[in-house]
Structure formats: structure tokens, C-alpha cells
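# Coordinate inspection notes
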Amino acid sequence: MAYSQEIVDKLSSFFATTGIHAPFEERAGVGLFTLRMKLSCRLQSAQMLVIVREDNFSTLAQIPLTAGEDTRLAVAEYLTRVNFNMRNGNFELNMADGEIRFKTYVHVGSSELDMNAARLAITLPFAMFNRFGDGLLDVLFGFKSPREAFEAIGT
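### Description of the overall build of the chain
Of the regular secondary structure elements, the chain holds four helices and six strands. Its helices and strands in sequence order give the chain the pattern α-β-β-β-β-α-β-β-α-α, from N to C terminus. For 155 residues, the compact-globule estimate of 2.2 N^0.38 gives 15 Å, and the C-alpha radius of gyration of the chain, at 16 Å, lies within 12% of that figure. Expressed as lengths along the three principal axes of its C-alpha atoms, the size of the chain is roughly 45 × 30 × 25 Å. A burial count over the chain gives 42% of its 155 residues as buried. Here the analysis covers contacts within the chain between residues at least 6 apart in sequence; of these, 55% occur between residues at least 24 apart. When the accessible surface of the chain is split by element, carbon and sulfur atoms take 50% of a total near 8400 Å². Averaging the locations of the 15 positively and 18 negatively charged side chains of the chain gives two centres separated by 6 Å.

Rendered as C-alpha cells:
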């Protein structure tokens, strides 16, 4: 086992008290929670993996759409505009297959897990997809340029 049982227990408790269904499994030496959330933007939903290691955990939230080869550069520009000045977490785009995701990371080290940091790491990706998802769709489907979509958000 290459993950912290203490982190797993605290996250399990958080999911239970907030009513979030997040099954847990051990896979490839890490602890792994999976969850799905409804979004309030046109993307409608996102899925998240919470990956627990020995002294940290990270979240990878992704949407069920990918950027086609013809729109990847535009999506990359949009996500770069969105990521600039973001203090916690970031959007990522896999240029090989078009996967779009939002990632966060929480280092715990030898101290106790800060539940406020954990709550933020788990809720932030969904909040960011809600905030920037409609602009992302506009770029994915060619309705707006990356600049127009970003400026329409009113950041």
C-alpha cells in the first residue's frame, strides 16, 4: 500500500457527511475515489478521480467531451487564457487525444490533512467547469474565438 490510510479515512468521512457518493478502490498502489457531479453549465456533468498517495492527494476532473484535432489549438489558447492568474488548480489539455481536465493537488506531508484545503480541492474543479464550461463549448464548436469566449465570461 503506497497511500495514506489516514487521508483516505478523512476523505471518506468528508464524502459521507456531504452526501457525495464516492466509491473507493486501491489500484496500482494508490487509493482512488471516483465521483460524478452535475454541473450548472451546458457541459452538464463531470467525473473526478481523487488519487491518494503517501503524503498527498490530487484530483483530476474531466468532462465527457474531447477537443478534436481541428479545435485543439483554439481550446489550448482558451484554457491558457483561463489559467493565467489562477491561484489554485489548472485546466489541462492532452494534445495527443484532446482530453480536457482540471487538476488540483494537496500536499499533506507529516501533518494532519487540512479539511478546508481538501474541500476546496474537491469542489474547485467542478466550480471551474461551471464558470468556464460554456466558453469552452463555444470554442470547441467554433461559435467563438478563444478571446471572444474568454472575454464573454467577464473575468
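### Comments concerning the packing of helix α3 (residues 115-140) against helix α4 (residues 146-153)
Two elements in contact, α3 and α4, have axes separated by 9 Å at closest approach and are oriented at 155 degrees. The angle between the axes of α3 and α4 places the two elements in the roughly antiparallel class. As α3 runs across α4, the sense of the crossing is right-handed. For the pair α3 and α4, the contacting residues are Arg131, Phe132, Gly135 and Val139 in the first and Pro146, Ala149 and Ile153 in the second. Looking at side-chain class alone, the contact of α3 with α4 contains five nonpolar, one polar and one charged residues.

### Observations regarding the packing of aromatic side chains
Aromatic rings considered in pairs are described by the distance between their centres and by the relative angle of their planes. Per the counting criterion, the structure on display carries eight aromatic pairs. Aromatic side chains Phe24 and Phe33 sit 5.0 Å apart centroid to centroid with 55 degrees between the ring planes, which places their arrangement in the tilted category. According to the relative accessible area criterion, Phe24 is partly exposed, its value standing at 32%. Grouped by ring-pair contacts, the aromatic residues Tyr3, Phe14, Phe15, Phe24 and Phe33 constitute a single cluster.

### Some remarks on the side chain of Asn56
Along the chain, Asn56 falls in strand β4 (residues 56-66). Here the side chain of Asn56 touches Asp55 through a polar contact of 2.9 Å, side chain to side chain. Asn56 has contacts with Ile7, Ile51, Tyr105, Val106, His107 and Val108, leaving out every residue within four places of it along the chain.

### Digging into the pairing of strand β6 (residues 99-107)
Here β6 shows one buried face, formed by Ile100, Phe102, Thr104 and Val106, and one open face, formed by Glu99, Arg101, Lys103, Tyr105 and His107. Note that β4 and β6 share eight bridges and pair antiparallel. Looking at β6, one finds that Thr66 is bridged to Glu99. Sheet topology note: the strand β5 (residues 90-93)/β6 ladder contains four bridges and is antiparallel.

### Some details on α4
Taken residue by residue, α4 has Pro146, Ala149 and Phe150 as its buried positions. The buried residues of α4 occupy an angular sector of 95 degrees when projected down its axis, which confines them to one face. In α4, the exposed positions that point more than 90 degrees away from the buried face belong to Glu151 and Ala152. Where α4 is buried, its residues meet α2 (72-83) and α3. In the stretch just after α4, Gly154 is the one whose phi turns positive, near 75 degrees.

### Section: the packing of α2 against α4
With their axes 9 Å apart at the nearest point, α2 and α4 run at an angle of 35 degrees to one another. When the axes of α2 and α4 are compared, the crossing they make is right-handed. Residues Ala74, Glu77, Tyr78, Arg81 and Val82 of α2 form the contact with α4, whose own contacting residues are Pro146, Arg147, Ala149, Phe150 and Ile153. Split into classes, the residues belonging to the contact of α2 with α4 amount to seven nonpolar, no polar and three charged.

Conventions adopted
- The residue numbering used here restarts from 1 in each chain and proceeds along that chain's sequence as written.
- A pLDDT threshold of at least 70 governs which residues receive local features in this predicted model, and a stricter bar of 80 or more applies before side-chain atom pairs are shown or counted, although totals over entire chains, interfaces and linings include all residues.
- With hydrogens and water set aside, each side-chain value is computed from the structure's full complement of heavy atoms.
- What counts as a helix is a DSSP run of H or I of at least four residues, what counts as a strand is a run of E of at least two, and both are numbered from the N terminus.
- What the globule rule says is 2.2 Å times the number of residues to the power 0.38, and the radius of gyration is computed from C-alpha atoms.
- Exposure categories follow from relative accessible area, calculated using a 1.4 Å probe and restricted to protein chains: below 20% of the type maximum is buried, above 50% is exposed, and the middle band is partly exposed.
- Whether two residues are in contact is decided by their heavy atoms: any pair within 4.5 Å suffices.
- Reported accessibility uses the Shrake-Rupley method at a 1.4 Å probe radius. Residues are deemed covered only where the shown protein chains occlude them.
- For the purpose of counting charges, residues Lys and Arg are taken to be positive, whereas Asp and Glu are taken to be negative. His and the chain ends are not included.
- In plain terms, the charge of a residue is placed at NZ if it is Lys, CZ if Arg, CG if Asp and CD if Glu.
- Axes, fitted as lines to C-alpha atoms, cover a helix only where it is in contact. Angles between the N-to-C directions of the axes lie from 0 to 180 degrees.
- For classification purposes, an angle smaller than 35 degrees is called roughly parallel, one larger than 145 roughly antiparallel, one from 65 to 115 roughly perpendicular, and anything else oblique.
- Should the near helix be turned counterclockwise from the far one by less than a right angle, the crossing is left-handed, whereas a clockwise turn marks it as right-handed.
- Ten residue types, Ala, Val, Leu, Ile, Met, Phe, Trp, Tyr, Cys and Pro, are classed as nonpolar, four, Asp, Glu, Lys and Arg, as charged, and the remainder, Gly among them, as polar.
- Each Phe, Tyr or Trp ring (for Trp, its six-membered ring) is paired with any other whose centre lies within 6.5 Å, and the angle between the two planes then decides the class: stacked below 30 degrees, edge-to-face above 60, tilted in between.
- Between N or O atoms, a polar contact is any pair within 3.5 Å; within protein, one atom must be a potential hydrogen donor and the other a potential acceptor, and residues adjacent in sequence are included only when both atoms are from side chains.
- Here, a strand pair is defined by DSSP locating no fewer than two bridges between the strands.
- By definition, the arc is the one covered by directions from the helix axis to the C-beta atoms.

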